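Reading the structure
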Amino acid sequence: MKSTTIGIIFFSSLLMAISPFATDTYVPSLPTISKSLGSPAATVQMTLSIYLFAFAIGQLFWGPLADNIGRKKTILIGISVFLIGTAGCYLSSSIELIIFFRGIQGFGASFGQILARAIIRDLHTPSQGAKITAFSTMAMGSASIIGPNIGAILTSYYSWKFIFVIVFIYGIIILLYTSIKFTETHLEENKTSINPKEIFNNFYILIKDINFCRYTISLTLVFGCIFAFISSGPFVASEVYKIDTAKLGLVFTPLALAFILFSAVTSKLITVRESSNLFLIGLYISVLGGITIFLGTLLYPNIITLLFGAMIIAASMGIVVPIGFTLAISNHPKIAGTASTLLGFIQASFSALFGYITVILYDNSAIPMSIVMLVLTSFSLLAFIFIKNKT
C-alpha cells in the first residue's frame with residue numbers, strides 16, 4: 001500500500017471518527033453530570049439531542065462550502081468551530097451552557113464525515129474509494145470502543161470535565177495535521193458556487209424518489225433505535241442495574257464489536273448476495289434485537305439481556321448502514337453528494353428526536369426504552385416491506 005494511500009486512510013479516519021469520539025467519550029458521564037449539576041435526566045440528555053440537531057444542520061452547510069472554497073479551508077473552519085464548542089463545554093458551570101456549547105461542538109464536528117468522503121472521492125476511483133472508506137469506517141467503530149471506556153474512566157476517577165480536554169486534544173491533532181501535512185485535493189476548476197435554489201431543487205427530486213425514501217425511512221428508524229439506547233442506556237445501566245461508572249464504557253463495547261464484525265461480514269456477502277435482500281435480512285435481525293430487549297426487560301431484567309438485544313441491533317446496523325446508504329442514493333449519481341447530505345440530515349434529526357423522547361419517558365426502569373426500541377425496529381421493517389409492495 002502506497003504511503004500516500006496510508007496517509008489518506010489515516011487522515012480520513014481521523015475525520016470520520018471525530019463525531020463518534022466526541023459523543024461516545026461523553027455518553028458514560030451523563031448520569032454523573034445529572035447528579036453533579038442537579039439536573040433531570042431529560043435536561044442532561046438535551047446535550048446529546050442538541051448536539052445531533054446541530055450536527056444534522058451542519059451537514060447541509062459543510063458540503064456546499066467545501067465545493068466552493070476547497071477542502072482544506074473548510075476543514076480548518078470546521079475544526080475551529082469544534083474546538084470553540086469543546087472549550088466552552090469544559091469551561092461551562094451550568095447545564096444550560098453545556099447544552100449551548102454542545103450545539104456549537106456538534107455543528108463543527110459535522111464536517112468530518114462529509115469532508116472525509118469528499119477527499120477520498122477527489123483522489124480515488126469508486127472501487128479504490130470503497131476500500132479506503134471501509135478502513136475509515138472501521139476507525140469509526142474503533143472510536144465507539146475506545147471512547148466510552150476513556151469517558152467512563154475519566155468520569156469515575158477524575159472529573160467528567162476532563163473528557164472535553166481529551167476531545168480538545170483530538171481536535172488539535174486534526175488542526176495541526178491539516179495545517180502542516182494536508183494539501184488541497186479539490187481542483188480549482190472543479191469548484192462550484194453555492195446555489196441554494198439548485199440545492200433545494202435537488203432535495204425535491206430526491207424526496208420524490210420512492211427508492212430514496214424507502215431506504216432513508218428504514219435507516220432513520222434503525223438509527224433512532226440505537227440512539228434511543230445511547231441516550232437512555234447509561235441511566236438504565238447506572239440507576240436500574242447499578243453498574244459502576246468506571247464500567248459504563250463496557251456497556252457500549254459489545255455493540256461496537258458487533259457492528260465492526262457484521263460490517264466485515266457484509267463486505268464479503270455483498271459480492272455474492274443481492275444487496276436489497278441483505279438489507280431486508282438486516283432489518284429482520286434488528287427486529288429480533290428489539291424483541292429480545294423487550295422480552296428480556298419484562299421476563300429477565302438484567303444488564304446481560306439488555307446488552308444481548310442491543311448487540312443484535314448493532315449487528316444489524318453493520319448490514320443495513322453500508323448497504324442502505326449506498327442503495328438510497330444509487331439512482332442519483334450526479335447529485336450523490338447532495339443525496340448523502342439530505343439522508344444524513346434526516347437520519348441525525350430524527351435520531352435526536354427519538355433519543356430525547358426515550359429519556360422523557362424514562363421512569364427508573366428499562367421498560368420505556370425497550371418499548372421504543374421494539375417499535376422503531378418493527379416500523380423500520382414494516383415501512384420497507386410496505387413501500388416495496390406499493391411500488
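Let me sum up the structure you'll find in this document. As the structure is a prediction and not an experimental result, all values here were calculated from the model.

1. Considerations on the overall build of the chain
Per the secondary structure count, the chain includes 15 helices and zero strands. A compact globule built from 391 residues should have a C-alpha radius of gyration of about 21 Å, and the chain, at 20 Å, falls within 12% of that. C-alpha extents for the chain along the principal axes are approximately 60 × 55 × 40 Å. Going through the 391 residues of the chain one by one, you find that 56% of them count as buried. Long-range contacts, defined as pairs at least 24 residues apart, comprise 85% of the intrachain contacts of the chain with a sequence gap of at least 6. Carbon and sulfur atoms make up 70% of the accessible area of the chain, which totals about 16800 Å². When the 22 basic and 13 acidic side-chain charges of the chain are each reduced to a single mean position, those positions are 5 Å apart.

2. Considerations on the packing of aromatic side chains
Within the structure shown, the criterion is met by 20 aromatic pairs. Note on Trp62 and Phe107: the rings are 5.5 Å apart at their centroids and 50 degrees apart in plane angle, and the pair reads as tilted. In this pair, Trp62 sits in helix 3 (residues 41-69) while Phe107 sits in helix 5 (residues 95-109), placing the two residues 45 residues apart along the sequence. Classification of Phe107 by relative accessible area gives partly exposed; the value is 24%. Among the aromatic side chains, those forming a connected cluster through ring pairs are Phe10, Phe11, Tyr177 and Phe182. For Lys161, the ring lying beneath its charged end belongs to Tyr90, and the centroid distance is 6.0 Å.

3. Notes on the side chain of Gln45
With respect to the helices and strands, Gln45 occurs in helix 3. A distance of 3.0 Å separates a polar atom in the side chain of Gln45 from a polar atom in the side chain of Ser49. Engagement of the side chain of Gln45 in a polar contact is seen with the side chain of Ser231, the distance being 2.9 Å. Discounting chain neighbours no more than four positions away, the residues touching Gln45 are Phe227, Ser231, Gly355, Tyr356 and Val359.

4. Considering the side chain of Gln59
Relative to the elements of secondary structure, Gln59 occurs in helix 3. Not counting chain neighbours up to four residues away, the residues in contact with Gln59 comprise Ser110, Ile114, Thr341, Gly344, Phe345 and Ala348.

5. A few points about the packing of helix 10 (residues 210-240) against helix 12 (residues 275-299)
Two measures define how a pair of helices packs: the angle their axes make with one another and the distance between the axes. Two elements in contact, helix 10 and helix 12, have axes whose closest approach is 12 Å; the angle formed by their N-to-C orientations is 30 degrees. Between helix 10 and helix 12, the crossing angle belongs to the class labelled roughly parallel. Crossing angle aside, the handedness with which helix 10 passes helix 12 is left-handed. Taken together, the residues of helix 12 that come into contact with helix 10 (itself represented by Tyr215, Ser218, Leu219 and Val222) are Ser276, Phe279, Leu283 and Ser286. Per-class residue counts for the contact of helix 10 with helix 12 are five nonpolar, three polar and no charged.

6. Description of the nonpolar core
Ranked by size, the top nonpolar core spans 79 residues in total, and within it Phe212, Leu219, Phe229, Phe279, Leu306 and Met373 carry the most contacts. Ignoring sequence-local partners within four residues, the contact set of Phe279 consists of Tyr215, Ser218, Leu219, Val320, Ile323, Gly324 and Phe384. Counting 32 residues, the second largest nonpolar core, distinct from the first, contains Phe11, Tyr51, Leu154 and Tyr170.

7. Concerning helix 4 (residues 71-91)
Residues separated by three or four positions in an α-helix point in the same direction, a consequence of the helix having 3.6 residues per turn. When the terminal C-alpha atoms of helix 4 are compared, their 30 Å separation across 21 residues agrees well with the 30 Å that a helix rising 1.5 Å per residue should span. Every buried residue of helix 4 is listed here: Arg71, Thr74, Ile75, Gly78, Ile79, Phe82, Leu83, Gly85, Thr86, Gly88 and Cys89.

8. What to know about unusual backbone geometry
With a phi close to 55 degrees, Lys242 is a non-glycine residue in the positive phi region. By the secondary structure assignment, Lys242 is in the loop between helix 10 and helix 11 (248-269). Positive phi, close to 65 degrees, is recorded for Asn364, a residue that is not glycine. For Asn364, the location among the structural elements is in the loop between helix 14 (336-361) and helix 15 (367-390).

9. Some details on a nonpolar patch on the surface
There is a patch of nonpolar side chains on the surface, built from Tyr90, Leu91, Ile153, Tyr157, Tyr158, Phe162, Val165, Ile166, Ile169 and Ile173 and spanning about 980 Å² of accessible area. Of the residues forming the nonpolar patch, the biggest block, five residues, is contributed by helix 8 (residues 162-180). Examined against the element boundaries, Phe162 turns out to sit in helix 8.

10. Some points on the environment of Phe182
Tracing the sequence through the fold places Phe182 in the loop between helix 8 and helix 9 (196-208). Residue Phe182 is classed as buried on the basis of its relative accessible area of 6%. Sequence separation of Phe182 and Phe11 is 171 residues, and the distance between their C-alpha atoms is 8.5 Å.

11. Some points on the layout of surface pockets
Each pocket or cavity is described by its volume, and for the second largest pocket that value is around 150 Å³. Lining the second largest pocket, in full, are Ile207, Phe212, Cys213, Thr216, Ile217, Thr220, Leu221, Ile346, Phe350 and Phe354. Going through the elements one at a time, helix 10 and helix 14 are the ones with two or more residues in the lining of the second largest pocket. Residue contributions to the lining of the second largest pocket peak at six residues, all from helix 10. Looking at the lining of the second largest pocket, its residues break down into eight nonpolar, two polar and no charged.

What counts and what doesn't
- Residues numbered from 1 in each chain as written.
- Predicted model: local features only at pLDDT ≥ 70, side-chain atom pairs only at ≥ 80, totals over all residues.
- Heavy atoms only, no water.
- Helix = DSSP H or I, 4+ residues; strand = E, 2+ residues; numbered from the N terminus.
- Rg over C-alpha atoms; globule rule 2.2 N^0.38 Å.
- Buried < 20%, exposed > 50% of the residue type's maximum accessible area, 1.4 Å probe, protein only.
- Contact = heavy atoms within 4.5 Å.
- Areas by Shrake-Rupley, 256 points an atom, 1.4 Å probe, with all protein chains shown as cover.
- Lys, Arg positive; Asp, Glu negative; His and termini not counted.
- Charge placed at Lys NZ, Arg CZ, Asp CG, Glu CD.
- Phe/Tyr/Trp six-rings, centres within 6.5 Å; stacked < 30°, edge-to-face > 60°.
- Lys NZ or Arg CZ within 6 Å of the ring centre and 35° of its normal.
- Polar contact = N/O pair within 3.5 Å; in protein donor to acceptor, adjacent residues only side chain to side chain.
- Axes fitted to C-alpha atoms, helices over the stretch in contact; angles between N-to-C directions.
- Parallel < 35°, antiparallel > 145°, perpendicular 65-115°, else oblique.
- Left-handed = near helix turned anticlockwise from the far one by under 90°.
- Nonpolar A, V, L, I, M, F, W, Y, C, P; charged D, E, K, R; others polar.
- Core = buried A, V, L, I, M, F, W, Y, C linked by side-chain atoms within 4.5 Å.
- Expected span 1.5 Å × (residues − 1).
- Patch = residues over 30% accessible without salt bridge, like charges linked within 9 Å, V, L, I, M, F, W, Y side chains within 5 Å.
- Salt bridge = Lys/Arg side-chain N within 4 Å of Asp/Glu carboxyl O.
- 1 Å grid on protein atoms, 1.4 Å probe; cavity = no way out; pocket = protein on both sides within 12 Å on 5 of 7 lines; lining within 4 Å.
- Points joined across faces, edges and corners; volume = space filled by probe spheres on them.

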